[in-house]
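# Commentary on secondary and tertiary structure
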Amino acid sequence: MNYKKFIGEKIKEIREKVGKGKAISVLSGGVDSATVTVLGHKAFGENLKVVFIDNGLMREREPENVVQTFKKLGIKVEIINAKEKFFKALKGKIDPEEKRKVIADVFYKDIFKKILKKNRIKFLLQGTILTDIEETIAGIKRQHNILEQIGIDPQKEYGYRIIEPLKELRKDGVRKVAKLLGLPEEIQQRIPFPGPALAARVIGEVTPEKIALVRKATSIVEKELKNSGAFQYFPVLMEDKATGIRGGKREFGNIIIIRCVQSKDARIATPTKLPWKILERIRKKITDEIPEVTRVCYDITPKPPATIEYI
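Rules used throughout
Residues numbered from 1 in each chain as written. Predicted model: local features only at pLDDT ≥ 70, side-chain atom pairs only at ≥ 80, totals over all residues. Heavy atoms only, no water. Helix = DSSP H or I, 4+ residues; strand = E, 2+ residues; numbered from the N terminus. Contact = heavy atoms within 4.5 Å. Polar contact = N/O pair within 3.5 Å; in protein donor to acceptor, adjacent residues only side chain to side chain. Salt bridge = Lys/Arg side-chain N within 4 Å of Asp/Glu carboxyl O. Pairing = 2+ DSSP bridges. Axes fitted to C-alpha atoms, helices over the stretch in contact; angles between N-to-C directions.

### Concerning the environment of Glu 205
- Examined against the element boundaries, Glu 205 turns out to sit in the loop between α9 (185-188) and α10 (208-225).
- Apart from residues no more than four positions distant in its own chain, Glu 205 is found in contact with Leu 90, Lys 91, Gly 92, Lys 93, Ile 94 and Lys 210.
- Among the polar contacts listed, one links the side chain of Glu 205 to the backbone nitrogen of Gly 92, at a separation of 2.8 Å.

As structure tokens, then:
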């Protein structure tokens, strides 16, 4: 593919679809939404409204980091605090697909709908990629950003249209576009992060306490594996607990699973054969710095039969 030509075509396509209307782009911190935002900015400049929805499910200091990164690119980002709405909607939800649907509903029916109505915006730029569409249509798991592809008309349902400039590309293609657009290396090569954010890494009910725990573990794992060369790596908080020993006393604590895989485009993935000393170091940091955790395990299952994410 000629990616320079692709960029020119998409900027033209965005301008033609929006016309004299207004558009909004929603950042998540990942390469997909960042790439779409820069495409939109090149199409409309400051007339593109850019927001970051702080759903309480993001990584450590994600909102602040996103604002600072895009400020350097000359793009203003507004942070919208929606933590309470998301945790309230997730309360009592255990089924993985139900959790994904709840998150999507809060995004599209509540947060976005109100922002767009307030600002009289009719178009949402979204970083949907081909793998998102394929996995949802195949019934593997519903991606929160898939609507029209499963028969939901956003215009009819929510009152606005969605533009998906990257839906023909996989992750490796998006990275090439990001590089040509001048996005910083840390965004170009950032490991994939799920639409439901850390909620995709908590088995069972999602609570602020569980998210805080998996957020700490995520900081440790990402720091320790950033030079591993792996496609994706992260911890998952299990619903079950396990007996442990701390201070010479019996303790019933949490279980963390570490996932680290090699992949090109997320269609298939193989577990990374990490050195034992690295796994030992990660285990020690997690159990030392997060006393609620008594057990750390490493997942060696490829995709398929597993998916990369847990929910």
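### As for the environment of Phe 193
- Within the secondary structure, Phe 193 sits in the loop between α9 and α10.
- C-alpha of Phe 193 to C-alpha of Ser 28: the two residues are 165 residues apart in sequence and 8.7 Å apart in space.

### Describing unusual backbone geometry
- The step from Lys 303 to Pro 304 runs through a cis peptide bond, and the omega angle for that step is -15°.
- Take Pro 304: it is sitting in the segment after β9 (293-298).
- Of the consecutive residues Pro 304 and Pro 305, the connecting peptide bond is found in the cis state with omega at 15°.
- As for its placement among the helices and strands, Pro 305 is situated in the segment after β9.

### Some details on the side chain of Thr 131
- For Thr 131, the location among the structural elements is in helix α6 (residues 130-137).
- Apart from the residues lying within four places of it in its own chain, the contact partners of Thr 131 are Arg 170, Asp 265 and Ala 266.

### Side note on the environment of Ser 219
- Tracing the chain through its elements places Ser 219 in helix α10.
- Measuring from C-alpha to C-alpha, the distance between Ser 219 and Glu 64 comes to 15 Å, with 155 residues separating the pair along the chain.

### Regarding the pattern of salt bridges
- For the structure on display, the rule yields 20 salt bridges.
- We note a salt bridge from Lys 10 to Glu 168, for which the minimum N-O separation is 2.7 Å. Here the residue Lys 10 occupies a position in helix α1 (residues 3-18), and Glu 168 occupies one in the loop between β5 (161-163) and α8 (171-180), the gap between them amounting to 158 residues.
- A salt bridge links Arg 281 to Glu 224, with the shortest nitrogen-to-oxygen separation between them at 2.6 Å. With a gap of 57 residues between them, Arg 281 in helix α11 (residues 276-289) and Glu 224 in helix α10 connect regions that are remote in the sequence.
- Among the ionic contacts, a cluster of salt bridges with common partners joins Lys 10, Glu 13, Lys 17 and Glu 168.

### A closer look at the pairing of strand β7 (residues 249-262)
- For strand β6 (residues 232-246) and β7, the ladder comprises 12 bridges, and the chain directions are antiparallel. Across the sheet, Gly 244 pairs through a bridge with Glu 251, a residue of β7.
- Between β6 and β7, which pair antiparallel in sequence order, lie two residues; one of them, Gly 247, sits at a positive phi of approximately 65°.
- Pairing of β7 with β9, which is carried by five bridges, proceeds in the parallel orientation. Among the inter-strand pairings, Ile 257 is bridged to a residue of β9, identified as Cys 297.
- Pairing of β7 with strand β8 (residues 270-271), which is carried by two bridges, proceeds in the antiparallel orientation.

### Things to note about the sheet that holds β5
- Strand order in the open sheet made by the five strands is β3-β2-β1-β4-β5, with parallel pairing throughout. Unpaired on one side and paired on the other, β3 (78-81) and β5 mark the two borders of the sheet. With direction set aside, neighbouring strand axes in the sheet form an average angle of 35°.
- The pairing of strand β1 (residues 23-27) with strand β2 (residues 48-54) spans five bridges and is parallel. Along β2, the bridge assignment pairs Ala 23 with Leu 48.

Nothing here speaks to function; it is all geometry.
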